[in-house]
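Single-letter residue listing:
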Amino acid sequence: MYEKLTPPTIGSKIVFQDGKPNVPDDPIIPFIRGDGTGVDIWPATETVIDAAVKTAYSGKRKINWFKVYAGDEACDEYGTYQYLPQDTLDAIEEYGVAIKGPLTTPVGGGIRSLNVALRQLFQLYACVRPCRYYQGTPSPHRYPEKLDVIVYRENTEDIYLGIEWKQGDEIGRKLIDLLNQDLIPNTPEHGNKQIPLDSGIGIKPISKTGSQRLVRKAIQHALTLPPAKQQVTLVHKGNIMKYTEGAFRDWGYELATTEFRGECITERESWILSNKEANGELTVEDNARQIDPGYDSLTPEKQEKICQEVKNVLDNIWDTHGDEKWKTKIMVNDRIADSIFQQIQTRPDEYSILATMNLNGDYLSDAAAAIVGGLGMSPGANIGDNCAIFEATHGTAPKHAGLDRINPGSVILSGVMMLEFMGWQEAADLIQTGLAKAIANGEVTYDLARLMNPPVDPPLKCSEFAQAIIKYFA
Ligand SMILES: NC(=O)C1=CN([C@@H]2O[C@H](COP(=O)(O)OP(=O)(O)OC[C@H]3O[C@@H](n4cnc5c(N)ncnc54)[C@H](OP(=O)(O)O)[C@@H]3O)[C@@H](O)[C@H]2O)C=CC1
Ligand SMILES: O=C(O)CCC(=O)C(=O)O
Ligand SMILES: [Mg+2]
């Protein structure tokens, strides 16, 4: 069935049922080593995960690793340009849960991202990237421990769909002509705008289905968090990109207030209800005035719209959410994308789950990672309904490749997320304990060592850091 792969002879398959993995005690798990620093990080990760599973379950459970190929290694094995062989796709499909190191994507031409392709091919629509602080980790931020967020990034659409034409391309030029000569002039709101003829063109589709399935997963996750962290923030640049990013916000709120009506409260609803709680005699109009400070200078039509909003909230959810009951619900709010980049620095403890579109989430997850210790401490998971692939936030960091110096923490923590996803919490906990203790004792790789005060010299190698984590399991 496989062209060049031989699956392990022992072990069983993970099977998905209703979006959840059914995990045997001896799962076969495909792994992709990755390009660049993957050569250093993967062996360290495998060693730590195996040691944790062995310690936690004394041989009762064991992962049977199945090496599959992508990126440079795949070309070596399968031939030129065979970056993502069918064997690899078949193995991931067959075994359901996989883990990978980073893969290179050239800039400005060449192949499109293999990482993105895997997410799209397997409909891994939620990219989940937690950014939490481990005590003792050096950070450029004064209070890094205040940040504890999970970026929930839509993973299959947006400009990452990769539908674009380079400048000068014949079809791209046809599209520009069509837009300039027909579609734009026939859309009055676009006035007499024109696209410069020497433009490259990219398409940014944001669908209702894609947005809502991501927000649904984010809300379901929020329901499992402690009460203080039960919050989902819809991140968007909807003031500028009204029908893509603005629509993402609106569809997010729509989902929260229909499918999760009993469990959610929106920020504006909470203002309306708390105004009434503070003053039971408050008129609808005064309530509207309080939620919209510019109310008195609005047109009568806009004022009427806000009054209607207030009335709807009071009529529809006062009984279920009023009298402070909303304080026990999941708070759903939204923030404009540029603002959230400063908010996670200035008011980090006010945020929990950040639900984003693809590009915003890509940027935001690196920025949030920097606050809690950098890209060496930034795990991730790509989750769908029938498959999951775990991978770090960072890339191949080519200048560090093969030097046994890079921090394997992010892929190891991605392994922790994988173990938690499988329900192997005891093994996951051991790794987290080991990692936290190693850092607290200053046993760290170069990236954390250089930020410590005084700097740790010499830092641990990548492989030594893995051994330090294992040493501190107990
Ligand atoms: N999912 C994936 O596979 C991803 C792949 N990529 C791809 O990776 C390639 C390189 O991308 P690039 O922009 O250089 O970004 P990278 O994330 O690979 O590296 C940028 C810098 O981040 C720091 N860093 C990265 N990984 C670690 C780590 N494990 N421990 C400590 N520090 C780390 C290093 O900083 P310093 O040198 O200052 O210590 C490194 O030079 C590109 O082809 C890109 O497309 C990028 C992101 C994700
Ligand atoms: O696929 C790539 O090369 C980059 C992807 C990326 O930066 C990410 O997913 O965070
Ligand atoms: Mg990225």
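Cut-offs applied
- Residues numbered from 1 in each chain as written.
- Chains lettered and ligands numbered in written order.
- Predicted model: local features only at pLDDT ≥ 70, side-chain atom pairs only at ≥ 80, totals over all residues.
- Heavy atoms only, no water.
- UniProt positions renumbered as here; feature names shortened; annotations may be inferred.
- Buried < 20%, exposed > 50% of the residue type's maximum accessible area, 1.4 Å probe, protein only.
- Polar contact = N/O pair within 3.5 Å; in protein donor to acceptor, adjacent residues only side chain to side chain.
- Patch = residues over 30% accessible without salt bridge, like charges linked within 9 Å, V, L, I, M, F, W, Y side chains within 5 Å.
- Areas by Shrake-Rupley, 256 points an atom, 1.4 Å probe, with all protein chains shown as cover.
- Salt bridge = Lys/Arg side-chain N within 4 Å of Asp/Glu carboxyl O.
- Helix = DSSP H or I, 4+ residues; strand = E, 2+ residues; numbered from the N terminus.
- Arc of directions from axis to C-beta.
- Contact = heavy atoms within 4.5 Å.
- Domains from an automatic or database assignment.
- Buried area = accessible area lost by both parts, 1.4 Å probe.
- Near = heavy atom within 4 Å.
- Nonpolar A, V, L, I, M, F, W, Y, C, P; charged D, E, K, R; others polar.
- Phe/Tyr/Trp six-rings, centres within 6.5 Å; stacked < 30°, edge-to-face > 60°.
- Lys NZ or Arg CZ within 6 Å of the ring centre and 35° of its normal.
- Pairing = 2+ DSSP bridges.
- Axes fitted to C-alpha atoms, helices over the stretch in contact; angles between N-to-C directions.

- Named according to an unreviewed UniProt entry, the protein is Isocitrate dehydrogenase [NADP] originating from Waterburya agarophytonicola KI4.
- Turning to the protein, the UniProt annotation filed under Sequence similarities (unreviewed entry) states: "Belongs to the isocitrate and isopropylmalate dehydrogenases family."
- UniProt's Subunit (unreviewed entry) comment on the protein is quoted here verbatim: "Homodimer."

1. Quick word on the UniProt feature "modified residue: Phosphoserine" (unreviewed entry) in the protein
- Taken from the UniProt record, the annotation "modified residue: Phosphoserine" (unreviewed entry) applies to Ser113.
- Its relative accessible area of 18% is what places serine 113 among the buried residues.
- In this structure the side chain of serine 113 is engaged in a polar contact, spanning 3.1 Å, whose partner is the backbone nitrogen of asparagine 115.

2. Focus on a nonpolar patch on the surface
- Residues Leu161, Ile163 and Ile203 make up a contiguous nonpolar surface patch of about 210 Å² in total accessible area.
- By the secondary structure assignment, leucine 161 is in the loop between strand E7 (148-154) and strand E8 (164-165).
- Residue classification places leucine 161 among the partly exposed residues on the basis of a relative accessible area of 36%.

3. Brief notes about helix H9 (residues 284-291)
- Residues of H9 that are buried include every one of Asn287, Ala288 and Ile291, and no others. Along the long axis of H9, the arc covered by the buried residues comes to 100°, so they all point the same way.
- Where the residues of H9 are buried, they touch helix H8 (267-278) and helix H10 (300-321).

4. Some details on the side chain of aspartate 158
- Tracing the chain through its elements places aspartate 158 in the loop between E7 and E8.
- Judged by relative accessible area, which is 0%, aspartate 158 ranks as buried.
- A polar contact of 3.3 Å, which involves the side chain of aspartate 158, links it to the backbone nitrogen of asparagine 358.
- In contact with aspartate 158, not counting residues within four places along its chain, are Ile203, Lys204, Pro205, Ile206, Met357, Asn358 and Leu359.

5. A few points about the side chain of threonine 156
- Positionally, threonine 156 belongs in the loop between E7 and E8.
- A distance of 2.6 Å separates polar atoms of two side chains, one belonging to threonine 156 and the other to glutamate 154.
- Within the structure, threonine 156 has its side chain in polar contact with the side chain of arginine 213 (distance 3.4 Å).
- Setting aside its immediate chain neighbours within four residues, threonine 156 contacts Arg119, Gln120, Gln123, Leu124, Tyr125, Leu161, Arg213 and Asn358.

6. Thoughts on the domain arrangement of the protein
- Taken domain by domain, the protein comprises domain 1 (1-136 + 377-474), domain 2 (140-154 + 205-263 + 329-371), domain 3 (164-202) and domain 4 (270-325).
- Put simply, the middle of domain 1 and the middle of domain 2, counted by C-alpha atoms, are 25 Å apart.
- Residue-level contacts link 16 residues of domain 1 with 18 residues of domain 2.
- Interface area lost by domain 1 to domain 2 is led by Tyr125, Arg129 and Cys131, which between them contribute 42%.
- Seen at the junction of domain 1 and domain 2, the total is zero salt bridges.
- Taken together, the connections running from domain 1 to domain 2 amount to five residue pairs in polar contact (both at pLDDT 80 or more).

7. Topic: the environment of isoleucine 340
- Summarising the element assignment, isoleucine 340 is placed in helix H11 (residues 337-346).
- A C-alpha to C-alpha distance of 9.5 Å links isoleucine 340 and tyrosine 351, two positions 11 residues apart in sequence.
- Excluding residues that lie within four positions of it along the chain, isoleucine 340 makes contacts with Thr233, Val235, Arg335, Tyr351, Leu354 and Leu364.

8. Remarks on the site of ligand 2
- Close to ligand 2 lie Thr105, Ser113, Asn115, Arg119, Arg129, Arg153, Asp362 and Thr393, which account for all nearby residues.
- Arginine 119 is positioned with one of its side-chain polar atoms (N or O) 2.9 Å from an oxygen atom of ligand 2.
- Residue aspartate 362 places a side-chain N or O atom 2.9 Å away from an oxygen atom belonging to ligand 2.
- For ligand 2, whose unbound accessible area comes to 290 Å², protein coverage reaches 75%.
- A breakdown of the residues in the shell around ligand 2 according to their chemical character gives no nonpolar, four polar and four charged.

9. Looking at the packing of aromatic side chains
- Scanning the entire structure with this criterion turns up nine aromatic pairs.
- Aromatic side chains phenylalanine 31 and tryptophan 65 sit 6.2 Å apart centroid to centroid with 90° between the ring planes, which places their arrangement in the edge-to-face category. Residue phenylalanine 31 is found in strand E3 (residues 28-32), and its partner tryptophan 65 is found in strand E4 (residues 64-68); the two are separated by 34 residues along the sequence.
- Its relative accessible area of 8% is what places phenylalanine 31 among the buried residues.
- Measuring from centroid to centroid gives 5.7 Å for tyrosine 57 and tryptophan 424, while their planes differ by 70°, and the two rings are edge-to-face. Of this pair, tyrosine 57 sits in helix H1 (residues 38-57) while tryptophan 424 sits in the loop between helix H13 (409-422) and helix H14 (425-440), and the two are 367 residues apart along the sequence. With respect to burial, tyrosine 57 and tryptophan 424 carry one shared label: buried.
- Lying across the ring of tyrosine 160, arginine 153 places its NZ or CZ 5.2 Å from the centre.
- Against the face of tyrosine 446 rests arginine 405, its NZ or CZ located 4.3 Å from the ring centre.

10. Thoughts on the sheet that holds strand E15 (residues 388-390)
- Strand order in the open sheet made by the 11 strands is E4-E3-E5-E15-E14-E6-E7-E13-E10-E12-E11, with mixed pairing throughout. Pairing within the sheet leaves two strands with one partner each, and these edge strands are E4 and strand E11 (264-266). With direction set aside, neighbouring strand axes in the sheet form an average angle of 25°.
- Bridging between E3 and E4 involves five bridges; their strand directions are parallel. Looking across to E4, one finds that phenylalanine 31 is bridged to lysine 67.
- Packed onto the sheet, helix H4 (residues 114-121) meets E3, strand E5 (97-100), strand E6 (126-132), E7, strand E14 (381-383) and E15 and runs at close to 170° relative to E5.

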